[in-house]
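Architecture at a glance
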Amino acid sequence: MDAAAAAGNTFDFGLLRRHPDIEAENLFAHDATDELILQEAAAALSAAGPGKVAVVGDRYGALTLGAASLHGLAGLRVHQDGLSGERALAANAERAGLGEAFTSMPLVPELFAGAEVVLWQLPRGLEEIAEVAGLIASHASPNVQVFAGGRVKHMALAMNKVLAEHFASVVPGRAWRKSRPLKATSPLQGDPASGFPKKEHHPELDLWLCAHGATFGGTKVDVGTRFLLEFLPEMRPGAATAIDLGCGNGTIAAALAKVRPALHVTATDQSAAAVASTAATAQANGLAERIEAVRDDALAGFAGASAELIVLNPPFHVGATVHAGIAHKLFAAAARVLAPGGELWCVYNRHLDYRGALESVVGPTRVAGRNSKFTVTVSTKAL
Ligand SMILES: C[S@@+](CC[C@H](N)C(=O)[O-])C[C@H]1O[C@@H](n2cnc3c(N)ncnc32)[C@H](O)[C@@H]1O
C-alpha cells in the first residue's frame with residue numbers, strides 16, 4: 001500500500017475535463033502515465049517539504065491535482081506549455097476545491113529552484129526534454145528526484161540518452177498499462193544558460209529562426225509554410241495589420257513583417273515555447289518593434305471583426321492524436337476575428353479537404369495554389 005492510500009487520501013481522475021481544449025470520445029483528460037508517475041513518486045511526495053514539488057508537462061491537471069489531493073500538498077509549481085491545458089487545470093482545480101494548491105509558471109529557473117521532487121509527463125520531442133532536463137539539473141536541489149513517464153509507444157531510448165546528459169542516474173521502471181516510468185536523480189551541473197532558444201539562419205529567406213524546445217518544427221521552416229510564403233505578395237495588399245495564428249517559431253510573422261514594411265503583425269499561439277520563440281525570432285531579425293507575440297488560445301482575447309489579414313498553417317494533432325477538431329476551432333476563431341472583407345490565408349495537406357469547412361465557416365474560399373503535397377486557400381469574410 002502506498003503512502004497516500006495508507007493516509008486514506010483519494011483522487012478521482014474521472015472528474016478531470018479537457019475543456020477548453022478539444023473534447024471528443026477518443027481524447028482523454030488523463031492516462032495511465034499520470035497514475036503511474038504518482039504511484040512511483042508516492043513516498044517522495046509524502047516526504048516532500050512545503051513548496052518543494054514542481055510539475056512539468058501536466059496535460060490537464062492529473063499530476064498536479066493528484067499530488068495535491070493524495071498527499072495534501074500545497075505550493076506546487078507547475079509549467080504547462082499549452083494554454084488550454086493550463087486553463088483546464090485551473091478549471092479542474094476550481095471544481096476540486098484545489099485552486100490554492102499550485103501556481104502556474106513559465107518555463108524559467110524559478111520553476112525548479114530548490115525543488116526536491118519533480119513530476120514530469122515526458123513530451124515526445126527530444127529538444128523539449130533537453131531544455132527541461134537542463135533547467136532541472138541546473139536549478140533543483142542536488143537531491144532532486146525526477147519521476148517521469150510516458151506512453152510506451154511514444155518513448156525511445158534516445159530520451160534516456162538526453163536525460164543522461166543531465167542526470168548521473170536514469171532508471172527505467174516496469175511498464176504498467178502501456179506506460180513506462182523513468183526516474184532521474186543526481187543532477188549534473190550543466191551550463192545554467194541552457195543553450196535555448198536555439199537559432200538558425202535560413203539564407204533562402206534571409207531569416208533567423210529561433211526555437212525553445214517545445215516549439216513546433218524547432219528552428220526549421222515547415223514545408224507547408226514554405227509553400228504558403230510564395231503567396232505573401234497576394235495577401236491582402238495594403239493591409240496595415242496581420243495576425244500569424246499558431247505562430248510556432250514565428251516564420252510567417254517574420255517573413256510578412258520583412259517584406260511588408262508598413263505591416264504590424266500580431267503573432268499568437270497557445271504554446272508558451274512558441275510565443276517565446278517568436279519573440280526571439282522577431283528580435284533576431286531586427287523586427288521586435290513590428291511583431292507582437294501573444295499567448296492565447298484560438299484568438300480568445302482578440303476583438304471580433306477587427307483583423308484585416310490572418311495567416312494560418314493549422315495543426316492536425318491534438319497532443320499525440322491526429323484530430324481535425326483543432327483546425328476547425330482555429331477556422332471558427334479566424335471567422336470571428338476577421339473584419340468584413342478580411343482574408344484568411346491557409347495552407348494544409350492536399351489530402352485534407354478543408355475548403356468546404358472554410359467556405360461555410362469563414363466565407364467564399366478560393367484555391368490560390370496547389371503543389372504535390374499542399375493546398376493554399378484564401379477565404380474572404382463576407383461584407
Ligand atoms: C503546424 S504549426 C505551425 C507553426 C508555424 N506557424 C509555422 O508555420 O511553422 C501549428 C501551430 O498552432 C499552434 N496551436 C495549436 N493549437 C492552438 C490554439 N488553440 N491556439 C493557438 N495556436 C494553437 C501550435 O502550438 C503550433 O505552433
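The present account deals with the structure reproduced in this document.

This next bit is on unusual backbone geometry. Across the junction of His19 and Pro20, the peptide omega takes the value 15 degrees, indicating a cis bond. Take Pro20: it is sitting in the loop between helix H1 (3-6) and helix H2 (32-47). A cis amide bond, omega 0 degrees, links Phe196 with the succeeding residue Pro197. Structurally, Pro197 can be placed in the loop between strand S7 (179-187) and strand S8 (198-202). At Arg236, a residue that is not glycine, the phi angle is positive and equals roughly 30 degrees.

Turning our attention to the sheet that holds strand S16 (residues 338-349). Taken in spatial order, the seven strands of this open sheet run S12-S11-S10-S13-S16-S18-S17, and their pairing is mixed. Of all strands in the sheet, those bounded by a partner on one side alone are strand S12 (291-295) and strand S17 (365-370). Each neighbouring strand pair of the sheet contributes to a mean axis angle of 20 degrees, computed without reference to strand direction. In this fold helix H9 (residues 251-259) packs onto strand S10 (241-245), strand S11 (264-269), S12 and strand S13 (307-312), with an angle of close to 180 degrees to the strand it touches most, S11.

A few words now on the nonpolar core. Membership of the largest hydrophobic core comes to 31 residues, with the highest contact counts inside it found for Leu38, Leu45, Leu65, Leu76, Val117 and Leu119. Listed by contribution, the elements that provide at least two residues to this core are H2, strand S1 (53-56), helix H3 (62-71), strand S2 (76-79), helix H4 (83-96) and strand S4 (117-121). No other element matches H3, which puts six residues into this core. If we ignore the near neighbours within four places in the chain, the residues touching Leu65 are Phe11, Leu16, Leu89, Asn92, Ala93, Leu98 and Phe102. In terms of nonpolar packing, the next biggest core, distinct from the first, is built from 29 residues, Leu207, Ile252, Ala253 and Ala255 among them.

According to the stated counting rule, one finds nine salt bridges in the structure shown. For Lys198, the salt bridge identified is with Glu127, shortest N-O distance 3.3 Å. Here Lys198 is found in strand S8, whereas its partner Glu127 is found in helix H6 (residues 126-139), with 71 residues between them in sequence. Residue Glu127 is classed as partly exposed on the basis of its relative accessible area, which comes to 37%. Among the salt bridges present, the one from Asp297 reaches Lys329, with a minimum N-O distance of 3.2 Å. With Asp297 in the loop between S12 and S13 and Lys329 in helix H11 (residues 325-337), this pair connects stretches of sequence that are 32 residues apart.

Right, let's get into the sheet that holds S2. The seven strands lie next to each other as S3-S2-S1-S4-S5-S7-S6, forming an open sheet whose pairing is mixed. Looking along the sheet, the strands with just one partner apiece sit at the ends: strand S3 (102-104) and strand S6 (167-172). When the angles between neighbouring strand axes are averaged without regard to direction, this sheet yields 20 degrees. Inspection of the sheet shows S1 paired to S4 by four bridges, in the parallel sense. Looking at S4, one finds that Val55 is bridged to Leu119. Its contacts with the sheet put H3 on S1, S2, S3 and S4, and the angle it makes with S4 is roughly 145 degrees.

Moving on to the pairing of S6. Relative to S7, S6 runs antiparallel, the two sharing five bridges. Across the sheet, Val170 pairs through a bridge with Ala184, a residue of S7. From the end of S6 to the start of S7, which pair antiparallel, there are six residues, and Arg177 there has a positive phi angle of about 45 degrees.

Take the packing of aromatic side chains next. Enumeration according to the criterion identifies five aromatic pairs in this entry. Pairing Phe331 with Tyr354 gives two aromatic rings, centres 5.2 Å apart and planes at 80 degrees, and the pair type is edge-to-face. Taken together, the positions of Phe331 in helix H11 and Tyr354 in the loop between S16 and helix H12 (355-361) put the pair 23 residues apart, joining distant regions of the chain. The burial state of Phe331 is the same as that of Tyr354; both residues are buried. Relative to Tyr354, the ring of Tyr348 lies with its centre 5.0 Å away and its plane at 65 degrees, an arrangement referred to as edge-to-face. Exposure class is identical for Tyr348 and Tyr354. Each is buried. Ring-pair connections join several aromatic residues into one group, and the members of that group are Phe227, Phe231 and Trp345. Across the ring face of Trp208, the terminal group of Lys199 is positioned such that the distance to the ring centre comes to 4.6 Å.

Cut-offs used in this document
Residues numbered from 1 in each chain as written. Predicted model: local features only at pLDDT ≥ 70, side-chain atom pairs only at ≥ 80, totals over all residues. Heavy atoms only, no water. Helix = DSSP H or I, 4+ residues; strand = E, 2+ residues; numbered from the N terminus. Pairing = 2+ DSSP bridges. Axes fitted to C-alpha atoms, helices over the stretch in contact; angles between N-to-C directions. Contact = heavy atoms within 4.5 Å. Core = buried A, V, L, I, M, F, W, Y, C linked by side-chain atoms within 4.5 Å. Buried < 20%, exposed > 50% of the residue type's maximum accessible area, 1.4 Å probe, protein only. Salt bridge = Lys/Arg side-chain N within 4 Å of Asp/Glu carboxyl O. Phe/Tyr/Trp six-rings, centres within 6.5 Å; stacked < 30°, edge-to-face > 60°. Lys NZ or Arg CZ within 6 Å of the ring centre and 35° of its normal.

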